[in-house]
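Descriptive structure summary
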Amino acid sequence: MKASDKKVVPPRRVAVLGAGSWGTTFAKILADGGADVVLWARRPELAREITEGRRNSDYLPGINLPRNLRSTSRLAEALTGAEHVYISIPSQTLRDNLAAIAPHLGPTTVVVSLMKGVEKGTGLRMSEVIAQGLPIDESLIAVASGPNLALEIAKEQPTAAVVSSASLETAQAVAMAATNRYFRSFVNTDVIGTEFGGVLKNLIAVAIGIVDGVGYGENTKASIITRGLVEMTDFAVAYGAHPETLSGLAGLGDLIATCESSLSRNNTAGRLLGQGYSFADVVKQMNQTAEGLASVAPILKLAEARGVEMPIVRQVSQVLAGTLEPKDIAPHLTTDSDEPQGERTTDDGQTRSRSSVWGSIKRAFDQLRDGGGSARRD
Ligand SMILES: NC(=O)C1=CN([C@@H]2O[C@H](COP(=O)(O)OP(=O)(O)OC[C@H]3O[C@@H](n4cnc5c(N)ncnc54)[C@H](OP(=O)(O)O)[C@@H]3O)[C@@H](O)[C@H]2O)C=CC1
Ligand SMILES: O=C(CO)COP(=O)(O)O
């Protein structure tokens, strides 16, 4: 029997780990899709409120939660018997939590990352951290990403997402579970592009928040969003992503949602920086997870390793470090080097910064000068 002939069935019992705004919302999505959901909250009083009061007033005030969603603060109780496990905690805490999760997984349990960060010390994507920290096959790991501002979805405003896994069958099973009357999941197998899309749009949203906080208008923001997408695409493609993924829901879609909404914590953190608050003050004021703040440094390191220019992310890091005045931010007007600026669309239809195109031209000339043969088109 071919893999494609195998019938994909949705899970009956699932666990969601992390009862913050996204974990609780995703638990509701899965419950409204028909699954029996157990949501792990690390605080017993919150678990009690969710199960008995059908509310999570800390994170989703005013939202009623469905009957087939209950909560526990006991990890083993949440995990035992779960066919799918969805993880939604701050990225920097994932590795430590995996050690506690591992003993409770069955041999075919599917593990899905809902997180949009990279690990600070290693630069690893969340699915890579999961692969290192859990004794499971890559085909059982999936990620979900897209324009998914939690509170809008908790209010059942319609939206869509992408579920990605190295195994199409796994992606399909997760997408089936995460589809209901207001939420639609599409599938792909580009895990790298899907994951990096979610990480990188956070950094552009911080930049948008900064210029908003300074008081700059729509031209500035539109320029940063447009150039930001080029930066995201250059980076993700350099790490093996398909460029189309970055122009889909997990890239452009999420970039628009996050840059446009005051619900976005990354956007909010940027706005506070733009209004003159220091990085330390912003961290103190944010009582929810703004992943972009922790992702800036590892992403710049990864960019450097592959020679990708990221002027927007670089200027965000300078504002965070206090070495650039927010009002001087104009990342779309600069490049990492003194090469020509602008953009052009290459013959393969992919939009690249002219500086990276310029890099290719320069390399070709260097080759010719060094007698390295004919200039090859990129
Ligand atoms: N909110 C959104 O709209 C979306 C968020 N995401 C992603 O989901 C992930 C989680 O974000 P979100 O739910 O918004 O964050 P929140 O800040 O709303 O919630 C964080 C959750 O993680 C728990 N937590 C904090 N520290 C730890 C720890 N050390 N170990 C275990 N659990 C911990 C918190 O528990 P406690 O309450 O006890 O502190 C809380 O349940 C992020 O990667 C984010 O990028 C993705 C799409 C949409
Ligand atoms: O990922 C999100 C929307 O898709 C949520 O963005 P924030 O983490 O900035 O709130």
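Residues numbered from 1 in each chain as written. Chains lettered and ligands numbered in written order. Predicted model: local features only at pLDDT ≥ 70, side-chain atom pairs only at ≥ 80, totals over all residues. Heavy atoms only, no water.

As annotated in an unreviewed UniProt entry, the chain carries the name Glycerol-3-phosphate dehydrogenase [NAD(P)+] and is attributed to Leifsonia tongyongensis. What UniProt records for the chain under Sequence similarities (unreviewed entry) is the sentence "Belongs to the NAD-dependent glycerol-3-phosphate dehydrogenase family." (UniProt positions renumbered as here; feature names shortened; annotations may be inferred.)

Brief notes about the site of ligand 1
Near ligand 1 there are 25 residues, and of these Arg43, Tyr59, Ala150, Thr289 and Glu291 occur at the shortest range. Note that an oxygen atom of ligand 1 is positioned 2.9 Å from one of the backbone N or O atoms of Ser21. Calculation on ligand 1 without its partners gives an accessible area of 900 Å², and the protein chains cover 87% of this total. The site holding ligand 1 turns out to be the largest pocket. Across the shell around ligand 1, the residue classes tally to ten nonpolar, ten polar and five charged. (Near = heavy atom within 4 Å. Polar contact = N/O pair within 3.5 Å; in protein donor to acceptor, adjacent residues only side chain to side chain. Areas by Shrake-Rupley, 256 points an atom, 1.4 Å probe, with all protein chains shown as cover. 1 Å grid on protein atoms, 1.4 Å probe; cavity = no way out; pocket = protein on both sides within 12 Å on 5 of 7 lines; lining within 4 Å. Sits in = over half its atoms within 2 Å of the grid points. Nonpolar A, V, L, I, M, F, W, Y, C, P; charged D, E, K, R; others polar.)

Observations regarding the packing of helix α8 (residues 191-214) against helix α11 (residues 249-260)
Where α8 meets α11, the axes come as close as 8 Å, and the angle between the chain directions of the two elements is 30 degrees. With respect to α11, the axis of α8 lies roughly parallel. When the axes of α8 and α11 are compared, the crossing they make is right-handed. In contact with Thr194, Gly197, Gly198, Lys201, Asn202, Ile204, Ala205 and Ile208 of α8, α11 contributes Ala250, Asp254, Leu255, Thr258 and Cys259. Among the residues forming the contact of α8 with α11, the class breakdown is six nonpolar, five polar and two charged. (Axes fitted to C-alpha atoms, helices over the stretch in contact; angles between N-to-C directions. Helix = DSSP H or I, 4+ residues; strand = E, 2+ residues; numbered from the N terminus. Parallel < 35°, antiparallel > 145°, perpendicular 65-115°, else oblique. Left-handed = near helix turned anticlockwise from the far one by under 90°. Contact = heavy atoms within 4.5 Å.)

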